[in-house]
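Chain residues, written in single-letter form:
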Amino acid sequence: MSSIPVRLGILGCGNVGAALVKIIVEDQGLIESQTGEVLEIAAIAVRDLSIERPGWVSRNLLTDDPFKLVNDPSIDIIVEVMGGYDPARVLIEEALRSKKSVVTANKTLLSDFGEEISQLARSQGRDVFFEAAVAGGIPLIRSLKVSLAAERVRRVTGIVNGTTNYILTRMSEDGIPYGEALRNAQELGYAEADPTADVEGIDASAKAAILASIAFGRKVRFSDVSREGITSVTLDDFEFAKRHGYTLKLLAICEWLESDEGSEGDISVRVHPAMVPLTHPLASVRDAFNAVFVEGDSVGELMFYGRGAGGMPTASAVLGDVIDAAHNIRYGSIERHVDRPQARILAIDELQYQFYIAIDVSDRPGVLAQVATVFGANGVSIMSMEQVGLGQEARLIFITHQAKEHAVQKTLAEVRELAAAKRLVGFIRVLGKIDN
Ligand SMILES: NC(=O)c1ccc[n+]([C@@H]2O[C@H](COP(=O)([O-])OP(=O)(O)OC[C@H]3O[C@@H](n4cnc5c(N)ncnc54)[C@H](OP(=O)(O)O)[C@@H]3O)[C@@H](O)[C@H]2O)c1
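Since this is a predicted model, take the numbers as computed values, not measurements.

**Thoughts on the sheet that holds strand E5 (residues 101–104)**
Piece 1. As summarised here, the arrangement of the six strands in space is E3-E2-E1-E4-E5-E6, forming an open sheet in which the pairing is parallel. At either margin of the open sheet sits one strand with a lone partner, and together these are strand E3 (62–63) and strand E6 (128–129).
Piece 2. Where strand E1 (residues 6–11) lies against strand E2 (residues 39–45), six bridges are found, and the strand directions are parallel. By the bridge assignment, Arg 7 is partnered in E2 with Glu 40.

**Comments concerning unusual backbone geometry**
Where the residue is not glycine, phi is negative for most of them; where a peptide bond is considered, it is trans in most cases.
Piece 1. At the junction of Asp 86 and Pro 87, the peptide bond is cis and its omega measures out at 10° in the coordinates.
Piece 2. Relative to the helices and strands, Pro 87 resides in the loop between strand E4 (77–80) and helix H4 (88–97).
Piece 3. In this model, Lys 99 sits at a positive phi of 65°, which is unusual for a non-glycine residue.
Piece 4. As for its placement among the helices and strands, Lys 99 is situated in the loop between H4 and E5.
Piece 5. One non-glycine residue with positive phi stands out, namely Asp 287, at about 55°.

**Topic: helix H14 (residues 405–417)**
Piece 1. Over its 13 residues, H14 extends 19 Å from the first C-alpha to the last, a length consistent with the 18 Å expected when each residue adds 1.5 Å.
Piece 2. When H14 is considered as a whole, its buried residues turn out to be Val 408, Thr 411 and Val 415. Along H14, the residues classed as buried sweep out an arc of 55° about the axis, all on the same side. Looking at H14, the residues exposed on the side facing more than 90 degrees away from the buried face are Ala 413 and Glu 417.

**What about the site of the ligand?**
Piece 1. Taken together, the neighbourhood of the ligand is formed by 24 residues, with Gly 12, Gly 14, Met 82, Gly 83 and Ala 309 sitting nearest.
Piece 2. Here the shell around the ligand gets three residues from one element, more than from any other, and that element is helix H1 (residues 15–26).
Piece 3. Across the shell around the ligand, the residue classes break down as twelve nonpolar, nine polar and three charged.

**Some details on the nonpolar core**
Piece 1. Leu 20, Val 79, Met 275 and Val 318 are the most contacted members of the largest nonpolar core, which totals 131 residues.
Piece 2. When residues in this core are grouped by element, the largest group, ten residues, is from helix H10 (residues 202–216).

**Focus on the domain arrangement of the protein chain**
Piece 1. Taken domain by domain, the protein chain comprises domain 1 (6–137 + 311–331), domain 2 (145–306) and domain 3 (349–430).
Piece 2. Between domain 1 and domain 3, the C-alpha centre-to-centre distance is 51 Å.

**Some words on the packing of helix H5 (residues 107–123) against H10**
Between two packed helices, the angle of one axis relative to the other and the distance separating the axes together describe the packing.
Piece 1. Packing of H5 against H10 leaves a shortest axis separation of 8 Å and a crossing angle of 45°. Comparing the axis directions of H5 and H10 gives the class oblique. Helix-helix and strand crossings are classified by hand; for H5 and H10 the assignment is left-handed. Here H5 contributes Lys 107, Thr 108, Leu 110, Ser 111 and Gly 114 to the contact with H10, which in turn contributes Ala 206, Lys 207, Ala 209, Ile 210 and Ser 213.
Piece 2. Residue composition of the contact of H5 with H10, by class: four nonpolar, four polar and two charged.

**Observations concerning helix H11 (residues 235–243)**
Two residues of an α-helix separated by three or four positions point the same way, owing to the 3.6 residues in each turn.
Piece 1. Every buried residue of H11 is listed here: Asp 237, Phe 240 and Ala 241. For H11, the angular spread of the buried residues around the axis is 100°, confining them to a single face. Pointing more than 90 degrees away from the buried face of H11 are the exposed residues Glu 239 and Arg 243.
Piece 2. In this structure, the buried residues of H11 make contact with strand E9 (246–258), strand E10 (265–277), strand E13 (352–362), strand E15 (393–400) and strand E17 (421–430).
Piece 3. Immediately downstream of H11, the backbone of Gly 245 shows phi near 80°, a positive value.

Parameters and conventions
- Residues numbered from 1 in each chain as written.
- Predicted model: local features only at pLDDT ≥ 70, side-chain atom pairs only at ≥ 80, totals over all residues.
- Pairing = 2+ DSSP bridges.
- Helix = DSSP H or I, 4+ residues; strand = E, 2+ residues; numbered from the N terminus.
- Expected span 1.5 Å × (residues − 1).
- Buried ≥ 20, exposed ≤ 12 C-beta atoms within 10 Å, placed from the backbone.
- Arc of directions from axis to C-beta.
- Near = placed C-beta within 6 Å.
- Nonpolar A, V, L, I, M, F, W, Y, C, P; charged D, E, K, R; others polar.
- Core = buried A, V, L, I, M, F, W, Y, C linked by C-beta atoms within 7 Å.
- Domains from an automatic or database assignment.
- Axes fitted to C-alpha atoms, helices over the stretch in contact; angles between N-to-C directions.
- Parallel < 35°, antiparallel > 145°, perpendicular 65-115°, else oblique.
- Left-handed = near helix turned anticlockwise from the far one by under 90°.
- Contact = placed C-beta atoms within 7 Å.

In structure tokens, the structure reads:
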């Protein structure tokens with residue numbers, strides 16, 4: 001058993017940083033007996049030294065100069081849990097150039113510069129680990145990178161944002177509208193005062209880009225992800241979904257699609273609300289939990305489930321990375337690294353789905369025929385249609401057969417031009433196949 005401590009410089013002492021310090025301070029004996037590693041916190045960088053810190057954070061370890069840590073030759077591993085691009089990117093790069101390994105939970109940075117940072121780490125003979133960047137405490141990245149390294153992964157479908165899953169669960173189970181469910185999430189601390197990153201699917205898109213890169217071994221960036229949030233999901237959508245044996249979830253979907261030539265695949269990465277069959281394992285993921293469903297050629301179907309956020313679960317994932325980095329430093333090894341070529345991204349326009357579409361129209365004879373004609377003219381075949389009276393207006397609810405996204409978008413643009421069409425009130429893609 002080793003007794004030479006591995007020295008850590010921790011950048012950030014917020015939710016994740018403070019939880020990590022707690023585990024390292026309180027579970028030192030367990031960590032050493034289970035892993036053989038002795039971890040010593042050399043210093044912790046924060047922005048504001050005047051902020052009160054939890055009792056287990058020793059004040060004399062704190063500094064407001066993060067560059068002091070990355071340039072300190074006595075520090076072996078930098079743990080970056082401050083978030084954002086700046087100065088996190090420069091700090092990580094400086095740490096790697098100073099021959100330190102890096103552990104980060106920074107999905108924002110990795111979803112844009114993950115490959116560059118990994119290449120820099122390799123060129124310096126050091127590791128960069130980021131298990132906590134996707135789905136917090138769920139051991140997903142390492143499973144994809146290590147256990148499924150040679151698997152032909154076909155699809156990764158995830159509920160990777162706990163805030164939106166909580167909001168959608170409240171809408172579904174308590175029948176409260178989006179705005180109230182959001183306020184509820186804010187009161188409980190699940191949603192920020194400015195919820196944009198969560199409800200607009202930005203956070204989920206960053207995670208989707210990282211997942212696709214790892215699952216398919218290609219460079220996928222945040223800007224490659226088609227994104228749609230949950231702000232327009234209504235209780236009426238839920239009511240329709242339930243009647244047909246579905247629920248609504250915000251999904252991150254990463255898909256490998258064989259190209260016509262068969263040699264190189266295309267990758268589709270998108271985040272959007274979807275109707276999920278109640279029989280699908282993801283339908284039962286409630287509240288702020290995350291889950292990721294992986295489909296591979298040899299392994300079949302796998303599901304990873306757990307707490308996707310929160311200080312302690314995330315710190316648990318960070319600690320696992322720290323132990324791996326410490327082990328590699330001790331034995332002079334680094335993680336296996338493969339260069340990821342640029343992905344060929346297939347635009348969402350080219351994908352086929354069934355669609356749920358709800359349109360409010362003037363309740364006059366002939367309007368349904370007008371709308372149906374537009375669908376037909378664009379080659380979008382209607383599988384079922386319901387009409388609900390709303391006084392002067394009527395709601396037309398369509399489920400289409402499989403149709404290309406661009407044909408459906410063109411259909412909707414033309415329907416909006418019809419004088420009788422008042423508003424589009426529902427537009428949701430269906431996961432799998434709806435056939436009743
Ligand atoms: N929270 C989660 O559940 C979760 C889950 C998965 C991944 N993550 C990722 O983990 C990272 C940290 O998240 P968090 O929730 O712990 O954030 P947080 O609570 O906002 O903490 C950020 C910490 O970084 C410090 N900091 C920020 N800018 C700094 C600067 N320029 N110099 C020195 N210190 C600086 C802050 O200092 P002060 O305390 O002085 O303000 C604070 O201690 C983010 O990348 C996040 O995306 C978080």
